[in-house]
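Fold and contact review
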Amino acid sequence: MSSVRRSLAIAFIERYLLIAVSLGSSMLLARLLTPEEIGLYSVNLVFIGVAHMLRDFGISNFLVQAPVISRTEIRTAFGISLLLGGLLFLALCLAAPLIADFYKDPRLTDTLRICALNFLILPFNSVPSALMRRDMQFQRLVYITLTAAVLGTLTTIGLAFIGTGPNSMAIGALVTSTVTAIGTYAARADFRGLLPSLSNWRPIANFGGQSALTSVVTSVSMDMPELVAGKVLGFAPVAMLSRAQGLMNMIHRDLISAVRGVAFPAFARTFRAGGDVEAQHVQSVVNMTALAWPAYGLLGIHAADFIHIMFGAQWTAAAPLVPVFCLAGAFAALSALTSSQLMAIGRIDLVTRTELIVQPAKAAILVATLLVTQSMTAFAFAFLLANTASIPLIYWFKARAMPIQFRSMGKGLVQSAACTLGPLLIALTFSTVYRDEGGRIGPALLAASLASAGLLWFVGISLFKHPLSGEVLYRRSLRLIGLAREPR
């Protein structure tokens with residue numbers, strides 16, 4: 001268990017440092033690029049995202065959860081990854097002009113082709129990275145990913161400064177992938193010089209086929225509304241939606257994904273050892289919500305302040321959307337680890353069935369909302385409705401694989417909610433009392449609000465005896481900020 005905690009601590013450190021890099025990059029790019037240029041790149045990412053799902057083919061998840069893996073299976077995984085990467089590179093290069101014609105913007109052609117180069121590089125990254133995750137070697141991965149992120153960000157900012165436009169982000173992403181591939185290839189000694197093969201493709205295809213289908217359906221369903229918005233509303237409104245969701249994703253993608261990245265191999269290891277995976281899942285969800293819910297709440301309350309300070313006045317229209325997306329993210333945290341848990345115990349079939357129902361239904365609701373209302377605000381509320389309504393169905397499918405410990409989870413979630421209430425009241429007080437005519441508070445007051453909320457959160461965790469209060473990292477944090485004494 002200590003190795004899981006250590007891995008989770010490392011994952012959080014990595015994510016927070018990546019957040020810092022990403023925030024710095026976003027703040028500069030928001031001033032160097034126009035909303036239209038960023039919106040164009042957002043549309044480009046939709047097509048790249050779908051291709052990524054096909055490229056991975058569930059290979060990384062297969063390597064992490066397989067009870068035993070041989071050298072032959074690693075070679076096969078590498079071979080399949082190379083084959084799919086090459087095919088997707090060619091497909092995107094050929095499709096790029098057609099996509100650009102559809103959106104009536106020739107700039108998309110070059111941007112898509114630059115991004116397509118990633119598919120020739122990623123096989124040298126994904127397989128060794130998966131092996132390192134399986135072995136819980138997160139510290140090495142942190143060094144590699146942070147180095148790659150910094151170099152990619154510097155490239156993006158430099159190219160944006162000299163006027164490269166949306167291609168600056170595409171080239172920066174290519175640099176990040178290249179550095180990551182070099183780092184993971186060099187770090188994994190048993191992968192260096194390994195020749196690709198297709199000899200043992202059946203078990204990978206069996207697992208990967210379902211995983212790829214799930215990923216593609218999920219990616220298409222999640223990205224379809226953005227594609228429709230780009231056509232119906234234009235690139236600038238898409239950029240506003242993307243910016244609002246991007247703020248929410250600082251928690252959903254960076255904090256929750258950090259937990260998910262450690263939870264999946266940890267669940268798989270517990271299952272291989274015959275342990276209680278459901279108890280581990282409950283503890284993970286309860287601890288995660290204690291962190292995520294206050295973060296979502298503070299971000300939603302101070303949305304206008306964050307956007308103005310980080311991105312400037314040209315992004316003000318995104319601020320009213322952020323609280324709605326944050327509320328959706330808070331509900332989504334309840335089911336964020338169920339797919340990882342089911343894959344870890346080998347029930348990829350249930351994950352596939354769930355996603356084939358949930359994701360297309362979400363997409364249909366969001367697309368219909370866009371077509372009928374042509375409103376960013378209506379889209380945000382439809383996003384909240386779709387995400388919240390899907391949670392009972394996700395747990396219904398999960399119940400077919402294992403008993404769900406609802407009582408333990410309910411008790412823990414009540415504690416998480418109690419620890420969230422105080423910080424939100426503090427933030428609402430600052431936001432109401434000190435808000436100026438522009439609807440914002442200054443940076444100094446924002447810092448004071450966040451600091452006060454943070455202190456009250458620490459008090460709440462101890463006062464309500466939340467499970468996090470027993471964690472070593474929490475106790476060390478208390479001593480660091482002076483709320484507890486060093487042990488004698």
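Predicted model, so just to flag it, every value in this text is computed and none were measured.

Cut-off values and rules
- Residues numbered from 1 in each chain as written.
- Predicted model: local features only at pLDDT ≥ 70, side-chain atom pairs only at ≥ 80, totals over all residues.
- Heavy atoms only, no water.
- Helix = DSSP H or I, 4+ residues; strand = E, 2+ residues; numbered from the N terminus.
- Buried < 20%, exposed > 50% of the residue type's maximum accessible area, 1.4 Å probe, protein only.
- Contact = heavy atoms within 4.5 Å.
- Areas by Shrake-Rupley, 256 points an atom, 1.4 Å probe, with all protein chains shown as cover.
- Axes fitted to C-alpha atoms, helices over the stretch in contact; angles between N-to-C directions.
- Parallel < 35°, antiparallel > 145°, perpendicular 65-115°, else oblique.
- Nonpolar A, V, L, I, M, F, W, Y, C, P; charged D, E, K, R; others polar.
- Salt bridge = Lys/Arg side-chain N within 4 Å of Asp/Glu carboxyl O.
- Expected span 1.5 Å × (residues − 1).
- Phe/Tyr/Trp six-rings, centres within 6.5 Å; stacked < 30°, edge-to-face > 60°.
- Patch = residues over 30% accessible without salt bridge, like charges linked within 9 Å, V, L, I, M, F, W, Y side chains within 5 Å.

As a further point, take the overall build of the protein. Assigned secondary structure in the protein consists of 21 helices and zero strands. With 488 residues in all, the protein has 54% of them scored as buried. Taking all contacts inside the protein whose residues are at least 6 apart in sequence as the whole, residues at least 24 apart take part in 83%. Accessible area for the protein stands at about 20900 Å²; split by element, carbon and sulfur atoms hold 67% of it.

For glutamine 374, which is not glycine, the phi dihedral falls at a positive 50 degrees. With respect to the secondary-structure elements, glutamine 374 resides in the loop between helix H17 (348–373) and helix H18 (376–398). Notably, lysine 465 is not glycine yet its phi reads approximately 50 degrees, a positive angle. You can see lysine 465 is positioned in the loop between helix H20 (443–463) and helix H21 (472–480). With a relative accessible area of 65%, lysine 465 lands in the exposed category.

Turning our attention to the packing of helix H12 (residues 255–272) against helix H13 (residues 277–301). The geometry of H12 relative to H13 is characterised by a closest axis approach of 11 Å and an angle of 175 degrees between their N-to-C directions. One way to sum up the angle between H12 and H13 is to call them roughly antiparallel. Of the residues in H13, those in contact with Leu255, Ile256, Val259, Ala266, Phe267, Thr270 and Phe271 of H12 are Val277, Gln280, His281, Ser284, Met288, Leu291, Ala292 and Tyr296. For the contact of H12 with H13, a count of residues per class yields eleven nonpolar, four polar and no charged.

What follows covers the pattern of salt bridges. Counted under the stated rule, the structure contains four salt bridges. The partner of aspartate 349 in a salt bridge is arginine 347, and the shortest N-O contact between them spans 2.9 Å. On the basis of relative accessibility, which here comes to 27%, the residue arginine 347 falls in the partly exposed class. Judged by relative accessible area, aspartate 349 falls into the buried class, the value being 19%. By sharing partners, the salt bridges in this structure join Arg347, Asp349 and Arg353 into a single network.

A separate point is helix H7 (residues 123–134). Here H7 contains twelve residues, and its C-alpha end-to-end distance of 17 Å stays within 8% of the 16 Å for a straight helix at 1.5 Å per residue. For H7, the buried fraction is high: ten of the twelve residues fall into the buried class. Here H7 has its buried residues at Pro123, Asn125, Ser126, Val127, Pro128, Ser129, Ala130, Leu131, Met132 and Arg134. At the C-terminal side of H7, methionine 136 shows a positive phi close to 60 degrees.

To continue, consider the packing of aromatic side chains. What describes a pair of aromatic rings is the distance from one ring centre to the other and the angle between the planes of the rings. Scanning all chains against the criterion turns up seven aromatic pairs. Measuring from ring centre to ring centre gives 6.2 Å for tyrosine 395 and phenylalanine 406, while their planes differ by 45 degrees; the resulting arrangement is tilted. You can see tyrosine 395 sitting in helix H18 and its partner phenylalanine 406 sitting in helix H19 (residues 406–433), a full eleven residues away along the chain. Judged by its relative accessible area of 52%, phenylalanine 406 is exposed.

Tracing the chain through its elements places glycine 422 in helix H19. Along the sequence, glycine 422 and leucine 455 sit 33 residues apart, while their C-alpha atoms lie 9.8 Å from each other.

Among the secondary structure elements, serine 449 is positioned in helix H20. Look at serine 449 and you get buried, because its relative accessible area is 0%. With residues near it in sequence (within four places) discarded, serine 449 still touches His302, Ile426, Ala427 and Phe430.

What follows is about the environment of valine 277. By the secondary structure assignment, valine 277 is in helix H13. Sequence separation between valine 277 and isoleucine 345 is 68 residues, and the spatial gap between their C-alpha atoms is 8.4 Å. When sequence neighbours within four positions are dropped, the list of residues in contact with valine 277 reads Phe267, Thr270, Phe271, Gln341 and Ile345.

Taking 1.5 Å per residue, 24 residues should reach 34 Å; helix H8 (residues 138–161) reaches 34 Å between its end C-alpha atoms and fits that length. Trailing H8 by a residue or two, glycine 163 shows a phi angle of about 95 degrees, which is positive.

Together, Leu28, Leu32, Phe161 and Ile162 line one region of the surface with nonpolar side chains, adding up to about 430 Å² of accessible area. Along the polypeptide, leucine 32 turns up in helix H1 (residues 2–32). On the basis of relative accessible area, leucine 32 is assigned to the partly exposed category, the value being 32%.

As for its placement among the helices and strands, isoleucine 171 is situated in helix H9 (residues 167–187). We classify isoleucine 171 as partly exposed; its relative accessible area is 26%. Separated by 53 residues in sequence, isoleucine 171 and asparagine 118 place their C-alpha atoms 9.7 Å apart. For isoleucine 171, the residues in contact, after removing those within four places along its chain, are Ile114, Thr155 and Leu159.

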